[in-house]
Amino acid sequence: MMTGVNGTLLVPGDKSISHRSIIFGAMCQGQTTIDNFLDSADCNTTIEAFKAMGVAIHKNAQQVIINSTGKLTAPTKPLNMGNSGTTTRLMMGLLSAQPFDTQLVGDASLSKRPMRRVAQPLQQMGAKINTSVNGTLPVKITGQQLHGMEYTMPVASAQVKSAIMLAALKANDNTEITEPTPSRDHTERMLKMFSPDSIEKHAQVIQIKPNCKMIPQHLTVPGDISSAAFWIVAATILPNSHITLKKVGINPTRMGLVNVMKRMGADISIINQSNTAEPIADIVVKSASLQPVALDAKEVPALIDEAPLLALLAARANGVSKLQHLSELRFKESDRIRVIVQEFQKMGIAIKELSDGFEIDGSKAWRLQSNQLDSHQDHRIAMTLKIASQFFDTEIGIKDADCVNISYPTFFNDLKQLRS
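These figures come from a predicted structure and were not determined experimentally.

## Quick word on the overall build of the protein
Piece 1. Helix and strand counts for the protein come out as 12 helices and 21 strands.
Piece 2. Its C-alpha atoms give the protein a radius of gyration of 21 Å, within 12% of the compact-globule value 22 Å for 420 residues.
Piece 3. Once the C-alpha set of the protein is aligned to its principal axes, its extents read approximately 65 × 45 × 40 Å.
Piece 4. When the accessible surface of the protein is totalled, it reaches about 16500 Å², and 48% of it is carbon and sulfur.

## With respect to helix 4 (residues 116–124)
Piece 1. Of the residues making up helix 4, those classed as buried are Val118, Ala119, Pro121 and Leu122.
Piece 2. On its buried face, helix 4 is in contact with helix 3 (85–96), strand 7 (128–130), strand 9 (150–152) and helix 5 (158–168).
Piece 3. Immediately downstream of helix 4, the backbone of Gly126 shows phi near 100°, a positive value.

## What to know about the sheet that holds strand 3 (residues 56–60)
Piece 1. What the four strands build is an open sheet, ordered 3-4-2-13; its pairing is mixed. In the strand order of this sheet, the two ends are held by strand 3 and strand 13 (218–220), each with one partner. Pairs of neighbouring strands in the sheet enclose a mean axial angle of 15°, with direction left out of account.
Piece 2. Taken strand by strand, helix 1 (residues 15–27) contacts strand 2 (29–35), strand 3, strand 4 (63–69) and strand 13, and its axis lies near 30° from that of strand 4.
Piece 3. Against the sheet, helix 2 (residues 41–51) makes contact with strand 3 and strand 4, and its axis sits at roughly 150° relative to strand 3, the strand it touches most.

## A look at the packing of aromatic side chains
Each aromatic ring pair is specified by the distance between its two centres and by the angle formed by the two planes.
Piece 1. All chains considered together, the criterion is met by eight aromatic pairs.
Piece 2. Aromatic side chains Trp231 and Phe411 sit 5.0 Å apart centroid to centroid with 15° between the ring planes, which places their arrangement in the stacked category. One end of the pair, Trp231, is in helix 7 (residues 225–237); the other, Phe411, is in helix 12 (residues 411–419), with 180 residues separating them in the sequence.
Piece 3. For Trp231, a relative accessible area of 0% puts it in the buried group.
Piece 4. The buried category is assigned to Phe411, whose relative accessible area is 0%.
Piece 5. Aromatic rings pair up to connect Phe230, Trp231, Tyr408, Phe411 and Phe412 into one cluster.
Piece 6. A cation over an aromatic ring shows up here: Arg316 above the ring of Trp366, its NZ or CZ 4.6 Å from the ring centre.
Piece 7. One Lys or Arg, Arg316, reaches over the ring of Phe391 and ends 3.8 Å from the middle of that ring.

## Here's the deal with the packing of helix 8 (residues 256–264) against helix 9 (residues 307–314)
Piece 1. Interaxial distance between helix 8 and helix 9 falls to 11 Å at its minimum, and their mutual angle equals 10°. In terms of orientation, helix 8 and helix 9 fall into the roughly parallel class. For the pair helix 8 and helix 9, the contacting residues are Leu257, Val260, Met261 and Met264 in the first and Leu309, Leu310, Leu313 and Ala314 in the second.

## Points about the nonpolar core
Piece 1. If you look at the biggest cluster of nonpolar residues, it comprises 77 residues, and the most contacted ones within it are Trp231, Ile232, Leu245, Leu326 and Phe358.
Piece 2. Residue contributions to this core peak at 10 residues, all from helix 7.
Piece 3. Leaving out residues up to four positions away in the same chain, Trp231 has contacts with Leu9, Val11, Ile243, Leu245, Ile387, Tyr408, Phe411, Asp414, Leu415 and Leu418.
Piece 4. Met115, Val118, Met125 and Ala171 belong to the second largest nonpolar core, which has 64 residues in total.

## Observations regarding the pairing of strand 15 (residues 267–275)
Piece 1. Alignment of strand 15 against strand 16 (residues 279–286), held across seven bridges, turns out to be antiparallel. Bridge pairing in strand 16 links Ile268 to Val285.
Piece 2. The loop that links strand 15 with its antiparallel partner strand 16 comprises three residues.

## Observations regarding the packing of helix 7 against helix 11 (residues 379–388)
Piece 1. Between helix 7 and helix 11, the least distance of the axes is 10 Å, while the angle of their chain directions is 20°. Taken together, the axes of helix 7 and helix 11 are roughly parallel relative to one another. You can see that helix 7 and helix 11 cross each other, and the crossing is right-handed. Between helix 7 and helix 11, the contacting residues are Ser226, Phe230, Trp231, Ala234 and Ile237 on the first element and Arg380, Met383, Thr384 and Ile387 on the second.
Piece 2. Looking at the contact of helix 7 with helix 11 residue by residue, the class counts come to six nonpolar, two polar and one charged.

## Thoughts on the pairing of strand 6 (residues 101–105)
Piece 1. Of the two faces of strand 6, the one lined by Thr102 and Leu104 is fully buried and the one lined by Asp101, Gln103 and Val105 carries no buried residue.
Piece 2. Looking at chain direction, strand 5 (residues 79–80) and strand 6 are connected through two bridges and run parallel. Its bridge partner being in strand 6, Leu79 is matched across the sheet by Leu104.
Piece 3. Considered for its hand, the β-α-β crossover made up of strand 5, helix 3 and strand 6 is right-handed.

## Topic: the sheet that holds strand 16
Piece 1. Strands sit in the order 1-14-16-15 across an open sheet of four strands; the sheet is mixed. Every interior strand has two partners, whereas the edge strands, strand 1 (6–10) and strand 15, have only one. Across this sheet, the average inter-strand angle for adjacent strands is 15°, counted without regard to direction.
Piece 2. Here strand 1 runs beside strand 14 (residues 242–249); their pairing, made up of five bridges, is parallel. Among the inter-strand pairings, Gly7 is bridged to a residue of strand 14, identified as Ile243.
Piece 3. Helix-sheet contacts for helix 12 involve strand 1 and strand 14, and the interaxial angle to strand 1 is about 150°.

## Some details on the pattern of salt bridges
Piece 1. Counted by the stated rule, this structure contains 23 salt bridges.
Piece 2. Its salt-bridge partner being Arg189, residue Asp185 comes within 3.1 Å of it at the nearest N-O pair.
Piece 3. With a relative accessible area of 11%, Asp185 lands in the buried category.
Piece 4. In this structure, the salt-bridge partner of Asp305 is Arg380, at a minimum N-O distance of 3.7 Å. Linking Asp305 in the loop between strand 16 and helix 9 with Arg380 in helix 11, this pair joins segments that are 75 residues apart in sequence.

Reading the values: the criteria
Residues numbered from 1 in each chain as written. Predicted model: local features only at pLDDT ≥ 70, side-chain atom pairs only at ≥ 80, totals over all residues. Heavy atoms only, no water. Helix = DSSP H or I, 4+ residues; strand = E, 2+ residues; numbered from the N terminus. Rg over C-alpha atoms; globule rule 2.2 N^0.38 Å. Areas by Shrake-Rupley, 256 points an atom, 1.4 Å probe, with all protein chains shown as cover. Buried < 20%, exposed > 50% of the residue type's maximum accessible area, 1.4 Å probe, protein only. Contact = heavy atoms within 4.5 Å. Pairing = 2+ DSSP bridges. Axes fitted to C-alpha atoms, helices over the stretch in contact; angles between N-to-C directions. Phe/Tyr/Trp six-rings, centres within 6.5 Å; stacked < 30°, edge-to-face > 60°. Lys NZ or Arg CZ within 6 Å of the ring centre and 35° of its normal. Parallel < 35°, antiparallel > 145°, perpendicular 65-115°, else oblique. Core = buried A, V, L, I, M, F, W, Y, C linked by side-chain atoms within 4.5 Å. Left-handed = near helix turned anticlockwise from the far one by under 90°. Nonpolar A, V, L, I, M, F, W, Y, C, P; charged D, E, K, R; others polar. Right-handed = clockwise from strand over helix to strand, strands pointing away. Salt bridge = Lys/Arg side-chain N within 4 Å of Asp/Glu carboxyl O.

The values reported here are purely geometric and, on their own, carry no functional implication.
The structure is reproduced here in structure tokens:
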């Protein structure tokens with residue numbers, strides 16, 4: 001009998017919220033303390049960038065203490081963004097309005113990712129930003145006074161929206177952002193905490209008032225729902241599973257995968273809810289049999305990071321799932337559509353590549369074609385493949401599996417704990 005995943009787990013702090021807590025803490029005059037900070041490669045990139053601009057940041061265990069004057073100083077060399085798209089795009093907004101020039105560089109993977117989508121709306125505010133010819137890193141930013149604007153987002157993107165908001169905080173007039181579809185709202189929630197006077201939100205319209213006071217905070221980062229998602233999926237598809245995930249952030253803009261899973265027949269309960277700046281709860285998951293699913297375009301912004309896991313769920317469902325409207329996946333740490341198809345086929349999964357997603361027949365038995373899989377140096381692919389590999393008795397290797405350190409350094413230890 002196959003053993004599943006069982007037990008109780010505290011997942012690491014939320015990556016999106018950890019990034020933003022450093023940014024807002026650095027913008028305040030005084031001391032900000034952050035508990036349950038995600039000690040991962042991407043979040044440490046954000047810390048190092050602010051240290052390079054004169055902010056005193058001390059990290060011990062899972063707590064970070066920021067002592068800032070509220071003003072940044074010009075870095076002496078280009079800021080290295082590593083593999084972090086979030087750091088890069090949010091920094092573009094913040095740095096556009098600083099009284100100094102900066103250059104952003106990154107690793108080979110990040111240097112292929114599109115940055116023009118952030119540069120263009122900032123340029124409408126008067127920002128001077130130059131990308132490479134391909135619209136990628138390196139990015140040169142000539143800091144200067146920006147003006148407010150009224151902007152309607154062409155597509156939902158929390159990173160682009162956040163970049164505009166950060167730029168707007170230093171503009172000479174109010175800025176109004178309208179979202180066609182809601183995207184992650186961590187920046188809005190955190191800004192309301194650090195600077196209540198600077199933001200108003202009505203339905204899908206966000207108004208930013210510049211140059212308001214920023215107040216240092218002591219905040220706790222909730223558990224990351226994107227990290228919890230690997231265990232929610234593992235417990236659903238591996239037989240004889242029953243897990244409880246403690247103190248996970250259940251922000252409605254991040255619950256897209258859970259909502260789709262419930263539609264597929266997953267057994268997921270949300271208990272012990274509480275609410276500070278972000279809603280938090282415990283999540284209980286038991287094994288379940290799944291029905292195939294199709295995606296509505298409106299559901300995609302709230303689950304785009306979990307799309308590799310959704311493909312894995314479809315591969316265990318009883319029938320054919322057509323997962324579309326996922327074109328954004330081609331511009332992540334890897335071309336996640338191409339890579340998922342390639343690696344899933346090595347496990348004998350019946351999957352076809354579509355221009356904007358996948359067609360997957362979960363009713364077909366898996367037959368292992370290769371015991372060597374490849375993460376393509378993409379952390380979410382590595383973790384998805386590791387969960388999928390639990391269905392085989394044979395040992396399966398994953399090339400460059402240590403890329404999980406980007407977002408979830410304790411992933412393999414946590415898997416061992418839940419499988420023991």
